[in-house]
Structures are given as structure tokens and as C-alpha cells.
Amino acid sequence: MIAGQSPRLIWKVNPQGHKRTIEEALEIARGFGVHVPPDVFFFEDEDNELPDDGTARGPKVTKPAGSAVYWSDLLNSRTGKVPFRIRSEILNSDEAIVGVIAHEMYELEKLRGMLKKGTMTIEHYIDQTRPNNPGNLHDEAWDCSDRMVEAMRKAQP
Amino acid sequence: MTCSLVEKHRLGMITDHQLVVESLHMLDPRNPGVALTNLPEPILRQVLRFAKDYRRDQMMTNYGVVPTLDQVLAAESWITESRRHLASLTA
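Below you will find a few notes about this structure. Just so it is clear, the model here is predicted, and its values are computed rather than measured.

## A few points about the overall build of chain A
Tallying secondary structure elements over chain A gives 4 helices and 6 strands in all. Counting from the amino terminus, chain A carries its helices and strands in the arrangement α-β-β-β-β-β-α-β-α-α. A compact globule built from 157 residues would reach a C-alpha radius of gyration of about 15 Å, and chain A, at 15 Å, matches this within 12%. Overall size of chain A, expressed as C-alpha extent along the three principal axes, is 50 × 35 × 30 Å. Expressed as a percentage of the 157 residues in chain A, the buried residues total 53%. Sequence separation of at least 24 residues holds for 76% of the intrachain contacts in chain A that already meet a minimum separation of 6. Of the roughly 7,500 Å² of accessible surface on chain A, 49% is carried by carbon and sulfur atoms. Chain A carries 20 positive and 25 negative side-chain charges, and their two centres are separated by 4 Å.

Below, the structure written as C-alpha cells:
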């Protein structure tokens, strides 16, 4: 079993711990209804840079207090994509793959509009994306994640 | 270390903004060129913009460390001096 930081469900590891590639993971997530837009880039955390309790992580943003965060702050200009680092162990579980990618994509899509308008301050951005802040986007994203994994379980024989 | 950051950026694993912030965090104020030499020109321009916006004790981040004022000032000075030197050579 793999326990995420906040999801209610416990994700089942694949039989024999079969590990997926990033390409397979994205295909699996999309196959179970997760909208993964073309302007995101997932890669495996081969350097173990994620904290012990982290399942995946989007871009780092550092700004002076009170300043706006923009969509361009989340992009790599060479690729035009938003990078997401995903923990290696997540790739051993199709349920974790669906749950974690659903979580990240929920947050990103909710942020996208605000960031494109430039109406979100760094304080608001941090409040909405950090753990241990009940009712924020990060919290909602785990609810979405649980729903997607539950639907996945129902869809499988 | 900065070469590794540049490579990660080239591969799309980090954003432009991350390359700026992480390079500044790695920078030794006594020898800023080591961290800055390999950065592409558009990223150096973003370093200067970051330095202009930098506010001591008021920087916020969603994770990780924030570059210190001496790192930011050293980078700003190194880039400005490098450009001045280049301009004098081509004048």
C-alpha cells in the first residue's frame, strides 16, 4: 500500500509491484477520466528531491509579499509546459497514478484562470496550494483524487 | 551544480523562474560567476528582474529556500559588470 499525504483512500500497489513509465502513467490517468492538458510535463523524481511525505510537486514560485503570480511563472519557456515531479513509488500503483495526477491537474486547472488574469497574490497562491489548510484547493484536489480512484475501482472487474 | 540546473531546464524539468531562483540560491557571493556563467541570456535578464523586485525579509515561496540579499546583489553586480566589460570590448 502507498499512503498519500491527504487522500482518504489507500492506494493498492500493482500486482508484483509492476512499475509504469511516465508515458504509461499518463495514458492510464487519461483512460480513467483524468484531464491531462497538453501543456504539462510529468517526470519521475529520480533524484529523490521530494520530501518524504510528498507524492508530486509542481513548480517553485518565489516572490515579494503582495506581488502577483502569473501563469508564465509556472512555465518552462523552452517547452511551453508546466513541469511536475512525481515520486517514483507512485508509478508502482495504477491507483496512485490516477489519484496523484488527478490531484495535480485539479489544482492546476483551478489556478490557471486566476494566474492568467494575474489576480492571485503569492500569499493566496501559497494558501491555496499548501497542505494543512482545510478547504483550500489542495484539500479539494484530494477529494477529487478520491472520487477518481473510487470511479476507477467501480470501472474495473 | 548550475550546469545540472541548466540541463534540467533544457529538459523541461524546471521553469525559467526556478532556474533563476535556484541558481541564485547556489551562488557564492564571493565568486558569482561560477553560478551565472552558463545561464542563457534570457535567464540572466530574469535574474536582473528578480533582483530589482527583491525585498529583504519580504520574499515568500511555496517551498524551499529563498536566495539571500547578498546573493542577489552579487548576481546583479556581476551581470552588470559583465555587460559593461563586453560593451567596452565591442565599442
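## Observations regarding the packing of aromatic side chains
In total, this model carries 4 aromatic pairs over all chains according to the counting rule given. With centroids separated by 5.8 Å and ring planes inclined at 25°, the aromatic side chains of A:Phe41 and A:Phe43 adopt a geometry described as stacked. For A:Phe43, a relative accessible area of 7% gives the class buried. Taking NZ or CZ as reference, A:Arg57 lies 3.7 Å from the ring centre of B:Tyr63, over its face.

## Examining the interface of chain A and chain B
Facing the 26 residues of chain A at the interface are 25 residues of chain B. At the boundary of chain A with chain B, total buried surface from both sides reaches about 2,200 Å², with 56% on carbon and sulfur atoms. In terms of surface lost to chain B, no three residues of chain A exceed A:Lys60, A:Thr62 and A:Pro64, which account for 32% of the buried area on that side. Inspection of the region where chain A meets chain B yields 3 salt bridges. Between A:Asp47 and B:Lys8 there is a salt bridge; the shortest N-O distance is 3.7 Å. The interface formed by chain A and chain B holds 17 residue pairs in polar contact (both at pLDDT 80 or more) in total.

## Considering the pattern of salt bridges
Inspection of the entire model under this criterion finds 21 salt bridges over all chains. In this structure, A:Glu150 engages A:Arg8 in a salt bridge whose closest nitrogen and oxygen atoms are separated by 3.0 Å. In this pair, A:Glu150 is assigned in helix α4 (residues 137-155) and A:Arg8 in the segment before α1 (22-31), connecting sequence segments 142 residues apart. The exposure class of A:Arg8 is exposed, given its relative accessible area of 55%. Among the ionic pairs, A:Glu49 bridges to B:Lys8, the shortest N-O distance being 2.6 Å. With A:Glu49 in the loop between β1 (40-44) and β2 (56-57) and B:Lys8 in helix α1 (residues 2-10), the pair connects residues from two separate chains. In this structure, a network of salt bridges that share partners links the residues A:Asp45, A:Asp47, A:Glu49, A:Arg85 and B:Lys8.

## Examining α4(A)
All names here are of chain A. In this model, α4 (19 residues) spans 27 Å end to end at C-alpha, consistent with the 27 Å of a helix rising 1.5 Å per residue. Residues Leu-137, His-138, Ala-141, Trp-142, Cys-144, Ser-145, Asp-146, Met-148, Val-149 and Met-152 constitute the buried set of α4. Buried positions along α4 lie against α2 (94-117) and α3 (122-129).

## Concerning unusual backbone geometry
Residues and elements named next belong to chain A. Even without being a glycine, Gln-16 presents a positive backbone phi close to 60°. By the secondary structure assignment, Gln-16 is in the segment before α1. Despite not being glycine, Asn-48 shows a phi value in the positive range, around 50°. By the element assignment, Asn-48 lies in the loop between β1 and β2.

## A word on α2(A)
Residues and elements named next belong to chain A. With 24 residues, α2 should cover 34 Å at 1.5 Å per step; its first-to-last C-alpha distance of 35 Å lies within 8% of that length. Along α2, the largest kink reaches about 35° and is centred on Leu-111. With 18 of 24 residues buried, α2 is to be regarded as a mostly interior element. Note on α2: the residue one or two positions beyond its end, Gly-118, has a positive phi of about 70°.

Rules behind the numbers
Residues numbered from 1 in each chain as written. Chains lettered and ligands numbered in written order. Predicted model: local features only at pLDDT ≥ 70, side-chain atom pairs only at ≥ 80, totals over all residues. Heavy atoms only, no water. Helix = DSSP H or I, 4+ residues; strand = E, 2+ residues; numbered from the N terminus. Rg over C-alpha atoms; globule rule 2.2 N^0.38 Å. Buried < 20%, exposed > 50% of the residue type's maximum accessible area, 1.4 Å probe, protein only. Contact = heavy atoms within 4.5 Å. Areas by Shrake-Rupley, 256 points an atom, 1.4 Å probe, with all protein chains shown as cover. Lys, Arg positive; Asp, Glu negative; His and termini not counted. Charge placed at Lys NZ, Arg CZ, Asp CG, Glu CD. Phe/Tyr/Trp six-rings, centres within 6.5 Å; stacked < 30°, edge-to-face > 60°. Lys NZ or Arg CZ within 6 Å of the ring centre and 35° of its normal. Buried area = accessible area lost by both parts, 1.4 Å probe. Salt bridge = Lys/Arg side-chain N within 4 Å of Asp/Glu carboxyl O. Polar contact = N/O pair within 3.5 Å; in protein donor to acceptor, adjacent residues only side chain to side chain. Expected span 1.5 Å × (residues − 1). Bend = angle between axes of the 7 residues up to and from the residue.

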